[in-house]
Amino acid sequence: MSRIGNRVLTIPAGVTVDVADKTITVKGPKGELNYTFDESITAKVDDGKVIVTRANETKQVKSLHGTTNALIANMLTGVSAGYQKVLEAVGVGYKFAVSGKKITVHAGYSHTIEVEVPTDLSVELVSATELNINGIDKQKVSEFAANIRKIRQPEPYKGKGIRYKGEYVRRKEGKKAAK
């Protein structure tokens with residue numbers, strides 16, 4: 001029994017949902033998202049709620065049922081409130097710079113790294129060491145933030161690197177001096 005798939009999704013105020021031909025379109029104040037789901041899954045809009053049902057009880061269809069429901073819930077949140085990831089650069093000389101649709105990352109390398117911002121995301125520089133990534137698609141926001149973090153992941157000895165705000169980096173003890 002899929003508890004996630006059986007969840008009834010409430011449509012937020014100002015959001016419209018259209019289901020046509022195995023494609024769901026969610027429009028809201030922040031934008032529009034589309035998702036095409038499997039033919040064994042059915043979605044319908046009833047009285048301000050989205051109900052997702054499955055055709056049979058096979059393992060794959062049960063998995064798709066929960067996944068489809070979760071993706072539609074993410075779409076509803078994205079077009080109404082949006083998603084945000086905050087990255088921080090920790091270390092001497094580690095910083096971000098934003099110019100137009102490019103992010104320049106100084107992360108301890110001999111060169112700077114430039115990253116192109118996707119068109120459907122927005123990037124805001126809070127300070128030289130803090131970067132906000134905003135968008136309506138949870139997957140794109142998270143993937144872009146992960147790619148920036150991958151430039152210099154936090155290391156366990158000094159804690160230097162690019163990390164998510166509030167992320168705990170487990171610190172290791174360094175070498176002991178011989179006596």
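Please refer to the structure placed before this passage.
Residues numbered from 1 in each chain as written. Predicted model: local features only at pLDDT ≥ 70, side-chain atom pairs only at ≥ 80, totals over all residues. Heavy atoms only, no water.

(A) Highlighting the pairing of strand S5 (residues 41-46). Pairing analysis gives 6 bridges linking S5 to strand S6 (residues 49-54), with the strands arranged antiparallel. Counted as the bridge partner of Lys44 is Ile51 from S6. Linking two consecutive strands that pair antiparallel, namely S5 and S6, is a turn of 2 residues; a positive phi of about 55° is found at Asp47 within it. (Pairing = 2+ DSSP bridges. Helix = DSSP H or I, 4+ residues; strand = E, 2+ residues; numbered from the N terminus.)

(B) Highlighting the pairing of strand S2 (residues 16-20). As paired strands, S2 and strand S3 (residues 23-28) are joined by 5 bridges and run antiparallel to one another. Residue pairing across strands places Val17 opposite Val26, the latter belonging to S3. Counted between consecutive antiparallel strands, the loop separating S2 from S3 contains 2 residues, among which Asp21 sits at a positive phi close to 55°.

(C) Region of interest: the environment of Tyr109. Relative to the helices and strands, Tyr109 resides in the loop between strand S9 (102-106) and strand S10 (113-116). Among the residues examined, Tyr109 registers a relative accessible area of 36% and is labelled partly exposed. For Tyr109 and Val92, which are 17 residues apart along the polypeptide, the C-alpha to C-alpha distance reads 12 Å. When sequence neighbours within four positions are dropped, the list of residues in contact with Tyr109 reads Ile151 and Arg152. (Buried < 20%, exposed > 50% of the residue type's maximum accessible area, 1.4 Å probe, protein only. Contact = heavy atoms within 4.5 Å.)

(D) View of the sheet that holds strand S11 (residues 122-127). One open sheet holds the 4 strands; their spatial order is S11-S12-S7-S13, and the pairing between them is antiparallel. Two strands lie at the open edges of the sheet, namely S11 and strand S13 (161-164), each paired on one side alone. Mean inter-strand twist for the sheet, computed between neighbouring axes without regard to direction, equals 25°. Direction of pairing for S11 relative to strand S12 (residues 130-135): antiparallel, over a ladder of 5 bridges. Note that in S12 the partner of Glu124 across the bridge is Asn132. (Axes fitted to C-alpha atoms, helices over the stretch in contact; angles between N-to-C directions.)

(E) Expanded view of the side chain of Ser40. Its place among the elements puts Ser40 in the loop between strand S4 (31-36) and S5. A polar side-chain atom of Ser40 sits 2.6 Å from a polar atom in the side chain of Asp38. Dropping the residues within four chain positions of it, Ser40 is found in contact with Thr53, Arg54, Ala55, Val61 and Leu64. (Polar contact = N/O pair within 3.5 Å; in protein donor to acceptor, adjacent residues only side chain to side chain.)

(F) Spotlight on the side chain of Arg149. Inspection of the secondary structure puts Arg149 in helix H2 (residues 138-149). For Arg149, a relative accessible area of 16% gives the class buried. Here Arg149 is in contact with Leu87, Pro154, Ile162, Arg163, Tyr164 and Glu167, once residues within four sequence places are set aside.

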